[in-house]
Every structure is written in structure tokens, then in C-alpha cells.
Amino acid sequence: MTQHNSHLKPDDWLAIMRKFQRRMQDMFHVDHVRILVAERRAEAFGTLKEFQGSLEQVVDLTIPYNKRNMENFLESQVVRIIRPLSVIDPVFKSAKDLSVLSIGPRNEMEIFHLWALGFQPKNIKAIDLVSNSPLIDIADMHDIPYEDSSFDVAVSGWALPYSKDHQKAVDEMVRVLKPGGLFCIGFTRIPPEDERARKVERDGSVNHTSTDDILRLIGPANVGDVAFSHDPLDQDEDGAIVLIVRIRK
């Protein structure tokens, strides 16, 4: 029987590392590398930035919750958006030429993942209410501090549930996207009969139950092609709602 293994000689590993030195961003395809670099950079930055403006449109515990989890460096479920995004034209063909906005990344792992896909650091912007990264601007997603039609791609990974005004948050994402830009969003669907769904509503947010809910928020006039759509197959369990839409405006 033939033995299959990945045994490499020391010279082989040196050759691999020399290739990575020429394209360091390729290493960010590995989640452990993204996490380690984000940890080290946060330690070096040594600052926790926090939004100081009005939080009327934000769920009350948003900043305390995220501050408690800031040092955990957990890989976000946003990878469930980034993976399908990576195969959609024009991202697959020319990510290096596209501008992208990351909404609510908290740490830098999401930014590094976008870099691995070919987006250029100079073309990546990110906002959050709290962060330990110099690459993330402190801002509210209900009042995004960029001009209309600034981005080719906007990624909102598991950030919408922190909003008390989902229409405003979605409108802002659509506003900063260029015509033909890609609107990318993901969050967890909780079964409506679950007590946690009722808590979401008590907190002033909304527990959306399908991608159709988000399409209605975007508005028929703004919805172009639906490039990717996923609703949980098991409606009785928690599951991800993921949607990527080409905006027409």
C-alpha cells in the first residue's frame, strides 16, 4: 500500500518561506496566521479606541460586549461571506483594483483575510465602534464617514444585530457603494420562537428570518443581481443568513 504523507526536507521548507517572503499576504489565507499577527499588532499598538458620539441607534450593550471580547481574537463568522465573495466577478478577476469597506471587524483578522484575496491595503477601509487597531476608523455604521459611491465592495459581518435601526444601517451601506458595487452581509438567524429572539426584540433590534428581509431593506430599486444567497436549511436551529447583492442605483 502506498503511503501518503507531507514529509518535507528542511530545504523544502526554506523554499516555501522564500516564496512567502515575496508575497507575505498569501500567508493570511491561514486563520492561525491572521490571528497571531492581529494579536502582535494590537500589543504593539497598545491603545483601545472607542466611539464617543451618540449611540441612540445602537443596542445598549454593544460597546461593553465588544470591549470584553476585544482581547479574545476569535475568528469571526465573516469568513462565511468572504469565501463566496472571493469567487464572484469582479473580485476573483481584479480584487487589486477594487475598494472595500469592512463594517464591524473589531480586530484586524478580517482585513488580513481581504488582503489575502488580493485586495490592496491602500484600498481597504474599516469602521467599528471600538477597536485596538490603527487600521480601523472609529465610526457608527448608521453614519458612515465616507462620501457617496466610495466603494466597490462593502462587507458587514455579524454587525447588523447591534443596530436598532436596520433600515438606516443598510441605507448607509448602499449609499457608500458605487453603482454595481457588491453589498455583502451576514448574521445569525435565531428561530422566532426561541427566547433569544424575543430578547433581540426587547433590546430594540430585529431578528430577521430570511434573506428576503434584507432584500426588502435594500429596496427593489437598488437590488441588481443576487450573486449569493443562503438561508439556513434547518429552520428550527440557529443558522447563518448570508447575502451578496450587486447594487443598482
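Residue positions are counted from 1 within each chain, in the order its sequence is given. The predicted nature of this model means local features are confined to residues of pLDDT at least 70 and side-chain atom pairs, given and counted, to a pLDDT of 80 or more, with totals for whole chains, interfaces and linings taken over all residues. By convention in this description, side-chain values take in all heavy atoms of the structure and omit both hydrogens and water.

Focus on the pattern of salt bridges
Next up, step 1: The term salt bridge refers to a pairing of a side-chain nitrogen on Lys or Arg with a carboxyl oxygen on Asp or Glu at a separation within 4 Å. Scanning all chains against the criterion turns up 20 salt bridges.
Next up, step 2: Linking D97 and K96 is a salt bridge whose minimum nitrogen-to-oxygen distance equals 3.2 Å.
Next up, step 3: Among the charged side chains, a network of salt bridges with common partners joins D148, K168, E172 and R175.

Details of the sheet that holds strand β9 (residues 239–247)
Next up, step 1: Paired strands, in this sense, are two strands between which DSSP finds at least two bridges. The numbering of helices and of strands both runs from the N terminus, where a helix is a DSSP run of H or I of at least 4 residues and a strand a run of E of at least 2. Pairing is mixed in the open sheet, where 7 strands are placed in the order β5-β3-β2-β6-β7-β9-β8. Two strands lie at the open edges of the sheet, namely β5 (137–138) and β8 (223–230), each paired on one side alone.
Next up, step 2: In the sheet, strand β6 (residues 151–157) pairs with strand β7 (residues 177–189) via 6 bridges, with the strands oriented parallel. Directly across from S156, in β7, lies its bridge partner I185.
Next up, step 3: Sheet strands in contact with helix α6 (residues 109–116) are β2 (100–103), β3 (124–128) and β6, and its direction is about 160° off that of β3. Throughout, a residue-residue contact means that at least one pair of heavy atoms, one from each residue, lies within 4.5 Å. Only C-alpha atoms enter the line fits that serve as axes; for helices the fit covers just the stretch in contact. Angles between N-to-C directions range over 0 to 180 degrees.

Side note on the nonpolar core
Next up, step 1: Core analysis: the biggest nonpolar cluster contains 28 residues, and L101, I103, I127, F183, I214 and I218 have the highest contact counts within it.
Next up, step 2: Taken together, the elements giving at least two residues each to this core come down to β2, β6, α7 (166–176), β7, α9 (211–218) and β9.
Next up, step 3: Looking at this core, the element that brings in the most residues is α7, giving 5 residues. For the purposes of this section, nonpolar cores are sets of buried Ala, Val, Leu, Ile, Met, Phe, Trp, Tyr and Cys residues that join through side-chain atoms within 4.5 Å. Exposure is judged per residue with a 1.4 Å probe applied to protein chains only, and the accessible area is read against the type maximum: over 50% gives exposed, under 20% gives buried, and values in between give partly exposed.

Details of the side chain of D213
Next up, step 1: You can see D213 is positioned in helix α9.
Next up, step 2: Under the rule applied, a polar contact is a pair of N or O atoms within 3.5 Å (in protein, one hydrogen donor and one hydrogen acceptor; residues adjacent in sequence only if both atoms are side-chain atoms). Within polar-contact distance, the side chain of D213 engages the backbone nitrogen of T209 at 2.9 Å.
Next up, step 3: Polar side-chain contacts of D213 include one of 2.5 Å to the side chain of R216.

What to know about the packing of helix α2 (residues 31–45) against α6
Next up, step 1: At a minimum axis separation of 9 Å, α2 and α6 run at an interaxial angle of 130°. Our classification of the angle between α2 and α6 gives oblique. Where α2 crosses over α6, the two elements pack in a sense that is right-handed. Of the residues in α6, those in contact with R34, I35, V37, A38 and R41 of α2 are M109, F112 and H113.
Next up, step 2: Nonpolar residues are Ala, Val, Leu, Ile, Met, Phe, Trp, Tyr, Cys and Pro. Charged residues are Asp, Glu, Lys and Arg, and all others, Gly as well, are polar. Of the residues contributing to the contact of α2 with α6, the split by class is 5 nonpolar, 1 polar and 2 charged. These descriptions rest on fixed angle ranges, namely under 35 degrees for roughly parallel, over 145 for roughly antiparallel, 65 to 115 for roughly perpendicular, and the rest for oblique. Handedness of a helix crossing follows the sense of rotation of the near helix relative to the far helix, less than a right angle counterclockwise being left-handed and clockwise being right-handed.

These figures capture arrangement, not role.
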